[in-house]
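Each chain is listed here by its residues.
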Amino acid sequence: ILKTIDAGMTWNALSSGTGVNLNSVYFTDLNNGYAVGAGGTILKTTDAGSTWSPMTSGIGISLSSVRFPSATTGYVASAGGIVLKTSYAGSTWFVQNLGTVNDINSVFFTDVNTGFCVGLAGDIFNTTNGGCAIPTITISGTSTICDQSSTNLVATGASALWSWMPSTGLSS
């Protein structure tokens, strides 16, 4: 894990305490953060990354993306069409099966209920109740969230670009 305190001018390597590949890191504030990776690995820090503690994900498959829209509610994308959700700052994780066997590459939530999950087969899942359930739309190829903020989302596929804004919804 790499850390910067000067807007990216310099980076310092931090020990995660694990030998598995980590795929995504997300901080809810300056001190509290999560890292996810291979074999269902979830790590949490409460001291700005100085130390990391393993958490129990309940699954043994690769985790690809982590996002916390609040200090306590978080989502993790994984292989096999599964998204993990916590409402307890990572102390307990619940499995949400999206009804696909395809890997979920990325998650993005604007608040604890409104979010998107994008996957390997081009599926884009949308939720307004905190649980991605059925594909909102399918685009050709692998979907990846390439830009995100609290007011917009851009996802790409092999031959398409999709965007979401609160005022217009999902469009190509």
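Calculation notes
- Residues numbered from 1 in each chain as written.
- Predicted model: local features only at pLDDT ≥ 70, side-chain atom pairs only at ≥ 80, totals over all residues.
- Heavy atoms only, no water.
- Helix = DSSP H or I, 4+ residues; strand = E, 2+ residues; numbered from the N terminus.
- Buried < 20%, exposed > 50% of the residue type's maximum accessible area, 1.4 Å probe, protein only.
- pLDDT = per-residue confidence, 0-100.
- Contact = heavy atoms within 4.5 Å.
- Pairing = 2+ DSSP bridges.
- Axes fitted to C-alpha atoms, helices over the stretch in contact; angles between N-to-C directions.

## Comments concerning unusual backbone geometry
Link 1 in the chain: With a phi angle near 60°, Ala 7 is a residue other than glycine that sits in the positive phi range.
Link 2 in the chain: On the secondary structure map, Ala 7 appears in the loop between β1 (2–3) and β2 (12–13).
Link 3 in the chain: Ala 7 gets classed as exposed once you look at its relative accessible area, which sits at 81%.
Link 4 in the chain: Positive phi is not limited to glycine here, since Ala 48 has a value of about 65°.
Link 5 in the chain: Locating Ala 48 in the fold gives a position in the loop between β5 (42–45) and β6 (53–55).

## Details of the confidence of the model for the protein chain
Link 1 in the chain: Averaged over every residue, the pLDDT of the protein chain is 81; residues scoring 70 or more account for 76%.
Link 2 in the chain: In the predicted structure, residues 139–152 sits below a pLDDT of 50 and forms 59 contacts with residues beyond four places in sequence or in another chain.
Link 3 in the chain: Across residues 156–161, confidence stays below pLDDT 50; counting only partners more than four residues off in sequence or on other chains, it has 19 contacts.

## Some thoughts on the sheet that holds strand β3 (residues 22–27)
Link 1 in the chain: Strand order in the open sheet formed by four strands is β3-β4-β5-β6, and the pairing between neighbours is antiparallel. Looking at strand neighbours, the two that pair on one side only are β3 and β6, the edges of this open sheet. Within the sheet, the average angular offset between the axes of one strand and its neighbour, ignoring direction, is 25°.
Link 2 in the chain: Summarising the sheet, β5 and β6 pair through three bridges and their orientation is antiparallel. Of the residues in β6, the one forming a bridge with Ile 42 is Met 55.

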